[in-house]
Amino acid sequence: MATLAATNNSSARQRGASSIDFKSATTGVAAKTMRNELNRMVANVDDPAKKKIFDAEMQSFFLLFNRFLTEKAKGEKIDWEKINPPKTEQVRPYQVLDGVDPSILNKLAVLKLNGGLGTTMGCVGPKSIIEVREGMTFLDLSVRQIEHLNEKYNVNVPFILMNSFNTDEDTARIIQKYQNHNINILTFNQSRYPRVDKESLLPVPREASSDKSNWYPPGHGDIFDALQNSGLLDKLIAAGKEYIFVSNVDNLGAIVDLSILQTMIDTKAEYVMEVTDKTKADIKGGTIIDYEGKPRLLEVAQVPKEHVDEFCSTRKFKLSYWSGINLKAIKRIMDNDELNLEIIVNNKVTDNGQAVIQLETAIGAAIKHFDSAIGINVPRSRFLPVKSCSDLLLIKSTLYNLQHGVLTMDKSREFGGTPVVKLGDQFKKVANFEKRFKSIPNIKELDHLTVSGDVSFGKGVRLAGTCIIVATEGNKIAIPDGTNLENKLITGNLSIIDH
């Protein structure tokens, strides 16, 4: 029996070793095949300048792909038991500092992530050109903010747009209208990576010139490679810039804050991540955590399925959303080849039914590489993203006042928080949204609004408390002009005709 048991254990070990060897061999073959395909595509680019850029992108992509294969073979996953809320010293409270010298702004550059399209809101072209308030787009508001900052403090803060191959051409045309403004606008492109066939692990595009649908922008974690490959990182440092503030172009609350910049300088923090308390509207947002004693970013895609509910808890984790980074620290990390961001595997299905994967990274994941990295727990007002027409309703309303491109919550609502708004599919596209509101309702006293089905609103409507309006299938609800709804549930069919 003892001999038999020993033989079985030996066989088990051999099977285990065989399995590992098989995975390693498979990984090696996949990496070599991918490398050959990428080399072939690079070799087929005739223009020397374009070849250099494309080669740099493919080198960066291959490093990411190779790491993906290695981690997949090893079965490496984040250890949930090592995840804890950030320590007190890792996330400090926001403080308004008195007497800050505004000349420190001359050390700053502001970068907006401008790679996304407006397709989810039914618009064509870059999301940044969607009209959001008083005839102005996301881009208009951002430009106005920086222009006012430069004029008010007599400084020169450059405004940088990181575009993608999806938004670059349109953006280049659009920004020409700002030529006579007091602002220096710089643009560069984030990388363009090939989609990977899920079964063969080969690149979907066959040539560098293959259709746009075969490529993807690899997430905002690509900012570090793109800044370096474009040469912009060196140019900013040479121009005396020391810090860069990064945020999404659709986050209208992410304005330059002198107190945060001064805190970054005083603490010698190379990386500052702004965090704010989660609400039920953004429970799946990335969050700052403590992992083995260091601050880290955790995205929902990295969370084991059995722990997703815990991750989405509004009590345990805070929400992270934009970053201030020391430019020389970025230079050091890139020159020393230290960057190793967690890979987010994004599974997609193309229009022709092909299963593909996109390997992406997040900018916040870089926090672990920087010295003296901290989080700052900022007011919720600094987090004002517009991801849907539900968000659009909020910022178009009198809930917010607009001055110099900056949206601030009305004084009457300051301590009430932001209402929860959930508009149904009929409001999903901007064009439909605009047709269904004759004017934006007064929502200063609103707590919660849910609208579903074929619903439209007249002029001068007031909504307060909790309002739920549901037009069941085949029915229509038209809220008349001047209607006052407070804590109301409306269902079925409603149509009032003036006569």
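Values in this document were obtained by computation on a predicted structure and should not be read as measured data.

Draft legend 1. Structural detail: the pairing of strand β14 (residues 294–298). Most of β14 is tucked away, with four of its five residues classed as buried. Alignment of strand β13 (residues 287–291) against β14, held across five bridges, turns out to be antiparallel. Across the sheet, Ile289 pairs through a bridge with Arg296, a residue of β14. As consecutive antiparallel partners, β13 and β14 are separated by two residues, and within that stretch Glu292 has a phi angle of approximately 55 degrees, a positive value.

Draft legend 2. Highlighting the confidence of the model for the protein. Taken over all residues, the pLDDT of the protein has a mean of 88, while the share at 70 or more is 90%. In this model, residues 1–22 is a region of pLDDT below 50 whose contacts with residues beyond four sequence positions or in other chains number zero contacts.

Draft legend 3. Local environment of the sheet that holds strand β16 (residues 344–349). Taken together, the three strands give an open sheet; going across it, the order is β9-β17-β16, and neighbouring strands pair in antiparallel fashion. The open sheet has two free edges, formed respectively by β9 (196–197) and β16, since each of these has just one partner strand. Two elements, β9 and strand β17 (residues 355–360), share two bridges in a ladder whose sense is antiparallel. Of the residues in β17, the one forming a bridge with Val196 is Ile357. Against the sheet, helix α2 (residues 48–74) makes contact with β9, β16 and β17, and its axis sits at roughly 110 degrees relative to β17, the strand it touches most.

Draft legend 4. Region of interest: the pairing of β16. Pairing of β16 with β17, which is carried by six bridges, proceeds in the antiparallel orientation. Bridged to Asn346 within β17 is Gln358. What sits between the antiparallel neighbours β16 and β17 is a turn of five residues, in which Gly353 has the positive phi angle 90 degrees.

Draft legend 5. Layout of the sheet that holds strand β1 (residues 83–84). With respect to topology, three strands assemble into an open sheet ordered β1-β13-β14, the strand pairing being antiparallel. Each having just a single partner strand, β1 and β14 make up the two edges of the open sheet. By the bridge criterion, two bridges tie β1 to β13 in an arrangement that is antiparallel. Considered in β13, the bridge of Ile83 is made with Tyr291.

Draft legend 6. Highlighting the environment of Phe383. Here Phe383 lies in the loop between β18 (374–377) and α10 (389–396). For Phe383, a relative accessible area of 14% corresponds to the buried category.

Draft legend 7. Structural view of the side chain of Asp250. Relative to the helices and strands, Asp250 is located in the loop between β11 (243–248) and α7 (258–267). We classify Asp250 as buried; its relative accessible area is 5%. Side chain to side chain, Asp250 and Lys127 meet in a polar contact 2.7 Å long.

Draft legend 8. Fine view of helix α3 (residues 138–153). For α3, spanning 16 residues, the distance from its first C-alpha to its last is 23 Å, which sits close to the expected 22 Å at 1.5 Å a residue. When α3 is considered as a whole, its buried residues turn out to be Phe138, Leu139, Asp140, Leu141, Ser142, Val143, Gln145, Ile146, Glu147, Leu149 and Asn150.

Draft legend 9. Structural view of the pattern of salt bridges. All chains considered together, the criterion is met by 25 salt bridges. The residue Asp257 makes a salt bridge to Arg382 at a minimum N-O spacing of 3.9 Å. With Asp257 in the loop between β11 and α7 and Arg382 in the loop between β18 and α10, the pair connects residues that are 125 residues apart, well separated along the chain. Pair check on accessibility: Asp257 and Arg382 agree, each one buried. Several salt bridges share partner residues, and in doing so they unite Glu37, Arg40, Arg206 and Glu207 into one network.

Draft legend 10. Inspection of empty space enclosed by the protein at higher detail. One pass over the full model with this rule turns up two cavities of 30 Å³ or more. Empty space within the largest cavity amounts to approximately 50 Å³. Lining the largest cavity we find Val110, Lys112, Ser142, Gln145, Ile146, Phe159, Ser247, Ala254, Ile255, Val256 and Trp322. Counting only elements with at least two residues in the lining of the largest cavity, the list comes to β3 (108–114) and α3.

Draft legend 11. Representation of the environment of Leu261. As for its position among the elements, Leu261 is in helix α7. Among the residues examined, Leu261 registers a relative accessible area of 0% and is labelled buried. Taking the C-alpha atoms as reference points, Leu261 and Leu108, 153 residues apart in sequence, are found 8.5 Å from one another. Once residues lying within four places of it in the same chain are set aside, the contact partners of Leu261 are Ile104, Leu105, Leu108, Tyr243 and Phe245.

Draft legend 12. Broad picture of the nonpolar core. If you look at the biggest cluster of nonpolar residues, it comprises 41 residues, and the most contacted ones within it are Leu252, Leu392, Leu423, Leu449, Phe457, Leu463 and Ile469. Residue contributions to this core peak at five residues, all from α10. Apart from the residues within four sequence positions on either side, Leu423 is in contact with Cys389, Ser390, Leu393, Phe433, Phe437, Leu449 and Val451. In terms of nonpolar packing, the next biggest core, distinct from the first, is built from 36 residues, Ala109, Ile223, Val275 and Ile333 among them.

What counts, and at which threshold
Residues numbered from 1 in each chain as written. Predicted model: local features only at pLDDT ≥ 70, side-chain atom pairs only at ≥ 80, totals over all residues. Heavy atoms only, no water. Buried < 20%, exposed > 50% of the residue type's maximum accessible area, 1.4 Å probe, protein only. Helix = DSSP H or I, 4+ residues; strand = E, 2+ residues; numbered from the N terminus. Pairing = 2+ DSSP bridges. pLDDT = per-residue confidence, 0-100. Contact = heavy atoms within 4.5 Å. Axes fitted to C-alpha atoms, helices over the stretch in contact; angles between N-to-C directions. Polar contact = N/O pair within 3.5 Å; in protein donor to acceptor, adjacent residues only side chain to side chain. Expected span 1.5 Å × (residues − 1). Salt bridge = Lys/Arg side-chain N within 4 Å of Asp/Glu carboxyl O. 1 Å grid on protein atoms, 1.4 Å probe; cavity = no way out; pocket = protein on both sides within 12 Å on 5 of 7 lines; lining within 4 Å. Points joined across faces, edges and corners; volume = space filled by probe spheres on them. Core = buried A, V, L, I, M, F, W, Y, C linked by side-chain atoms within 4.5 Å.

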